[in-house]
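Working through the structure, step by step
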Amino acid sequence: MKVENLLMQLKLALLMAILVSGAPAAQAVLIDFNDGVAGDIIDSLYTNQGVIFSNAERVTNFGLSGSTGPYGISAIGAYQWFSDNPVIAYFSSDITDVSIIGVDVGENGLQLTAYDSEVGGNLLDLAQVFGTDLGNNQFFTLSVSAHLIKRVEIYQIQHVSIDGIVVEDLKFFNRASVPLPATAWLILIGLAGWRVTCRTVRVSGS
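Cut-offs applied
- Residues numbered from 1 in each chain as written.
- Predicted model: local features only at pLDDT ≥ 70, side-chain atom pairs only at ≥ 80, totals over all residues.
- Heavy atoms only, no water.
- Helix = DSSP H or I, 4+ residues; strand = E, 2+ residues; numbered from the N terminus.
- Buried < 20%, exposed > 50% of the residue type's maximum accessible area, 1.4 Å probe, protein only.
- Contact = heavy atoms within 4.5 Å.
- Areas by Shrake-Rupley, 256 points an atom, 1.4 Å probe, with all protein chains shown as cover.
- pLDDT = per-residue confidence, 0-100.
- Salt bridge = Lys/Arg side-chain N within 4 Å of Asp/Glu carboxyl O.
- Polar contact = N/O pair within 3.5 Å; in protein donor to acceptor, adjacent residues only side chain to side chain.
- Core = buried A, V, L, I, M, F, W, Y, C linked by side-chain atoms within 4.5 Å.
- Pairing = 2+ DSSP bridges.

Some words on the overall build of the protein chain
In terms of regular secondary structure, the protein chain is built from two helices and nine strands. Tracing the protein chain from N to C terminus, the helices and strands come up as α-β-β-β-β-β-β-β-β-β-α. Buried residues in the protein chain amount to 41% of all 206 residues. For the protein chain, the proportion of contacts with a sequence separation of at least 24, taken over those separated by at least 6, is 72%. About 10,900 Å² of surface is accessible on the protein chain, with carbon and sulfur atoms providing 59% of the total.

In C-alpha cells form, the structure reads like this:
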C-alpha cells in the first residue's frame with residue numbers, strides 16, 4: 001500500500017510539472033524607439049508588440065553618449081511633462097514587469113506608475129527618481145513589478161526648474177509565464193526512473 005501511495009504522489013507531481021512546462025515562455029519586449037524619425041506620433045505604432053501609447057512623440061535624446069540610440073519619446077509637443085500630461089502605455093495582455101530609462105533626468109525628477117486597468121483602476125506600484133540640477137548626462141532606469149499591470153504612466157514629478165526629459169527603452173514582460181527550468185526536467189526523469197524501480201519491486205514482491 002505504501003508503494004502505491006508513493007506512486008500516486010509521483011504521478012501527481014509529474015502531471016503538475018508537465019502542466020507548468022507547457023506554459024508559454026516569458027518573452028521580454030524591448031522598444032527602443034529608434035525605428036522612425038523625430039516628430040512621429042507613437043500611438044499604435046507598436047501594437048504588434050503588445051502596447052499602445054497615448055500622448056507620446058518620438059524625439060531626439062540630445063545626442064548623449066549614454067543613450068542607446070538617437071531617439072526616445074516625450075509628451076507630444078512638450079519638453080517638460082507632468083502628472084496632468086503624462087505619457088501613457090497600455091498593454092494588450094497582463095504584464096508583471098515594466099522598466100524605462102530616463103534620459104537627462106534632473107531635479108524635476110521622473111516617475112513610472114503602474115495600474116491594473118486601462119482607465120482609473122488601482123495603483124499597483126510606482127518608481128521615482130530625482131537627478132541634480134538640469135540632469136545633464138544623468139540616466140536612470142525605473143522599474144515597476146506587480147500582477148496584472150494594464151497600463152503605466154510616465155511623467156516628471158515636480159516643476160522647480162526648466163529641466164526637461166526624454167525616456168527610452170521601454171521593456172516589459174509577464175514573469176508569471178516562465179518555462180520549466182532544465183534542472184527540473186532532470187528531476188522529472190529521476191522521478192520517472194524511480195517509479196519504474198518501485199513498480200519492479202512491487203512485481204517482484206507479489
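Side note on the confidence of the model for the protein chain
Across the protein chain, the average pLDDT comes to 82, with 73% of residues at 70 or higher. A low-confidence stretch, residues 14-25 (pLDDT under 50), is modelled with eleven contacts involving residues beyond four sequence positions or located in other chains.

Topic: the pattern of salt bridges
According to the stated counting rule, one finds five salt bridges in the structure shown. Arginine 58 serves as the salt-bridge partner of aspartate 40, at 3.1 Å between the closest nitrogen and oxygen. Of this pair, aspartate 40 sits in the loop between strand S1 (29-31) and strand S2 (51-54) while arginine 58 is found in strand S3 (residues 57-60), placing the two residues 18 residues apart along the sequence. Taking the relative accessible area as the measure of exposure, aspartate 40 reaches 23% and is therefore partly exposed.

With respect to the side chain of aspartate 97
When you line up the elements, aspartate 97 lands in strand S5 (residues 87-103). Among the polar contacts listed, one links the side chain of aspartate 97 to the side chain of serine 145, at a separation of 2.8 Å. For aspartate 97, the side chain forms a polar contact with the side chain of arginine 175, separated by 3.0 Å.

Here's the deal with the nonpolar core
Formed by 34 residues in total, the largest nonpolar core has its most connected members in Val51, Phe53, Phe91, Val98, Ile149, Val152 and Phe172. Elements that contribute at least two residues to this core include exactly S1, S2, S5, strand S6 (110-115), strand S7 (123-129), strand S8 (139-155) and strand S9 (166-173).

Here we look at the side chain of threonine 96
Mapped onto the secondary structure, threonine 96 falls in strand S5. Excluding its chain neighbours within four sequence positions, the residues that come into contact with threonine 96 are Val144, Ser145, Ala146, His147, Ile149, Phe173, Asn174, Arg175 and Ala176.

So, the pairing of S8
Examined bridge by bridge, S5 and S8 share twelve bridges and lie antiparallel to one another. In the strand pairing of S8, alanine 89 is matched with valine 152. The pairing of S6 with S8 spans five bridges and is antiparallel. From the neighbouring strand, glutamine 111 faces S8, where its bridge partner is tyrosine 155.

A short note on the environment of threonine 132
Mapped onto the elements, threonine 132 comes out in the loop between S7 and S8. Not counting the four nearest positions on each side in its chain, threonine 132 is found in contact with Val105, Gly106, Glu107 and Gln138. Separated by 2.9 Å, the side chains of threonine 132 and glutamine 138 make a polar contact.

Quick look at unusual backbone geometry
Positive phi is not limited to glycine here, since aspartate 133 has a value of about 50 degrees. Its location among the elements puts aspartate 133 in the loop between S7 and S8. Phi angles above zero are rare outside glycine, and leucine 148 is one such case at about 60 degrees. Structurally, leucine 148 can be placed in strand S8.

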